[in-house]
Structure formats: structure tokens, C-alpha cells
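Descriptive structure summary
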Amino acid sequence: MTDNTKGALLMMASLALFTLNDTLMKTLSGQVPLYQILAIRNTVTTAVLLLVCWRSGAFRRGMARRDWGLAGLRAAAEIGAAFFFLTALFNMPLANVTAVLQSAPLVVTLAAAIFLRERVGWRRVAAIVVGFMGVLLIIRPGSDVFDIFSVYILIAVCFITVRDLSTRRLSPDSSSMLVTALTSAAIMVFFGGMSVAEPWVPLTVGSAALVLGAAGFVLFAYLTSVMAMRLGEISFVSPFRYTALIWALVLGYVVFGDWPDWQTLLGAAIVAGSGLFMLYRERRIGHRAGEPLE
């Protein structure tokens, strides 16, 4: 099995774990307040990630001084993304939220061209425009399916864009595991503080199992995602992110009885197709850039 094959399998596993985490979080909606869920989940996740950092030597490796500000910006963006994404998830079908979220790479590419001056050709610009049309098919502004939570998921995509752009600016020498642990700790502290303002709900055996299960899924999702990127070529591994749509469709139907209408399915296909085409173009451009001059 090649490293690319291993990386692809790990990426698919990572997205399955992230979607399972989303499923458990959505199941907890109405049982436990959001702030309490995130405080407990990320306490468990942070503790394990810090242990992994200690065992792997990430603390010794540390981060460059210039990266601390970027890591703080990344953590703040992750907090915003968590709030708006999960609020939307609690009130929208799993597949719809996941489908809109797949537009994040398109927005990141566009934002990188605007703010980081990265070169983006007309083909990728066209793919971004087509992808946004797919998003409009999913949320359908002006229709009965469009509400405040449709706006929330779009805001979450904006926060994810800030997170990913700040991650791109981090030095290669900084430990990705340490950055992940610090981000999880920031979520724990922020939502732990917010949860003080509202009464905590006693956990039943069932709700406690769901919270701990979500913590376990998101933890292993982080780890497998990092392993996937380190093992395989990014251009080969990244397209497998779109398997999240398959998991969201299956789990949304099995667990919640939701099945998207044809407009949502078409919109999801357009978003995924646009993202895959953009990754293909990036791989072609990267290949040409690496070719020797004749």
C-alpha cells in the first residue's frame, strides 16, 4: 500500500469521524446546552491532545514567536466557526449543513487570491463561481427553506476561511499538533466561561455517553487528518474530503430520517464537483511548476 493510498484511507476515516461527531452533537440538541457540550467535549479532547504533544515532543519543538499571533487568530476563528456551525447543525438537516460546508475550500482559494495575493487563474475563478451557485441551490434565498440558520452556516464558512488562511501563514517548523491542542484549549476555555452564565444540565448516562463519544470521534478525526496530510501528497489526499457528503447523507437518513430534496442534492454535487476541479487544476499547476525547464 503506497503512502498516497494510506493517506487517502486516513482522510476518509477522518471525515467519517468528523461526521459521526456532528451526528452525536446534533443528537444532543435539546438535551444539553451547546456551551456545556463544548466545554465538556473539549476538556476531554484538550487533555488527550496535550498528552500527545508531550509524548511526541511537540512542546520541545514549540512554535516560532511570529506564529503565536496567528495561532491566536486561528483559535478565535475556530471558536466562531464552532458556535455558528453547531447552532446551524442543531436546526438544519445534517446533509444540508455538510454540503454548504464543502464550499469552504472555494472561499479559502478566493480569499487567498484577494488577501494573500496568491495567483488564481480564470478556470479556478469559474469553478468558484459555479460552486457558489451550488451553495445558492442548497440554501435557496427567498424560499421557505431559507432562514437565519442558513445565514449561520455561511458565517461559519467565513470563520473557517479565516482559520485556514491563518494556518497557511504558520511557519513549517511549528508543530501542527501543538497548534491543534491550543485551538481545542481555546474552545474549552471560551465556552467553559460562557457556560457559567447558564445553568448546567445534569447528564444522564445516555447524554454523557454521547458527549464522550463526540469527544472521542473529534479527537481521532484530528489525529487521522494530520496523519493523512503527512503521509500522502496533499493534491492526492485532499479530494477525499468530499466523502463527508456521503457520510452525511447516510447518517442523516439513518439517524434523523432526513433525505435532501433534488435541489439540495444537485447543489451538493455542484459544490463537490467545483472543489474537485479546483484541486485538479492546482495539481496540474503544481506539476508544471516542478517540471525542469527545457
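Our structure's up above, just so we're on the same page.
Below is a summary of the structure that appears in this document.

**Thoughts on the packing of aromatic side chains**
- Under the criterion given, the structure shown has 10 aromatic pairs.
- Between F83 and Y152, the aromatic rings sit 6.4 Å apart at their centres with planes inclined by 45 degrees, giving tilted as the arrangement. Separated by 69 residues along the polypeptide, F83 in helix α4 (residues 67–91) and Y152 in helix α8 (residues 148–168) bring together distant segments of the chain.
- By relative accessible area, F83 is classed as partly exposed at 24%.
- Centroid distance F149 to Y152: 5.9 Å. Interplanar angle 80 degrees. Geometry classified as edge-to-face. Taken together, the residues F149 and Y152, both in helix α8 and 3 residues apart, mark about one turn of the helix.
- The cationic tip of K26 hangs over the ring face of F256; the distance from NZ or CZ to the ring centre is 5.5 Å.

**A word on unusual backbone geometry**
- Unusually for a residue other than glycine, R117 sits at a positive phi of about 60 degrees.
- Assignment of secondary structure puts R117 in the loop between α6 (104–115) and α7 (122–139).
- Look at R140: it is not a glycine, yet its phi comes out positive at around 50 degrees.
- Within the secondary structure, R140 sits in the loop between α7 and α8.

Rules used in this analysis
- Residue indices follow the written sequence of each chain, beginning from 1 at its first position.
- Whole-chain, interface and lining totals are the exception, using all residues; otherwise, since this is a predicted model, local features are given only for residues with pLDDT of at least 70 and side-chain atom pairs are given and counted only at 80 or more.
- Side-chain metrics rest on all non-hydrogen atoms present in the structure, leaving aside hydrogens and water.
- Ring geometry is summarised as follows: Phe, Tyr and Trp rings, the Trp one being its six-membered ring, pair when their centres sit within 6.5 Å, and such pairs are stacked at plane angles under 30 degrees, edge-to-face over 60 and tilted between the two.
- Numbering of helices and strands runs from the N terminus; a helix is a DSSP stretch of H or I covering at least four residues, while a strand is a stretch of E covering at least two.
- Categorising residues by exposure relies on relative accessible area from a 1.4 Å probe, with only protein chains included: less than 20% of the type maximum marks a residue as buried, more than 50% marks it as exposed, and the intermediate range marks it as partly exposed.
- Only when the NZ atom of a Lys or the CZ atom of an Arg is both within 6 Å of the ring centre and within 35 degrees of the ring normal do we say a charge sits over the ring.

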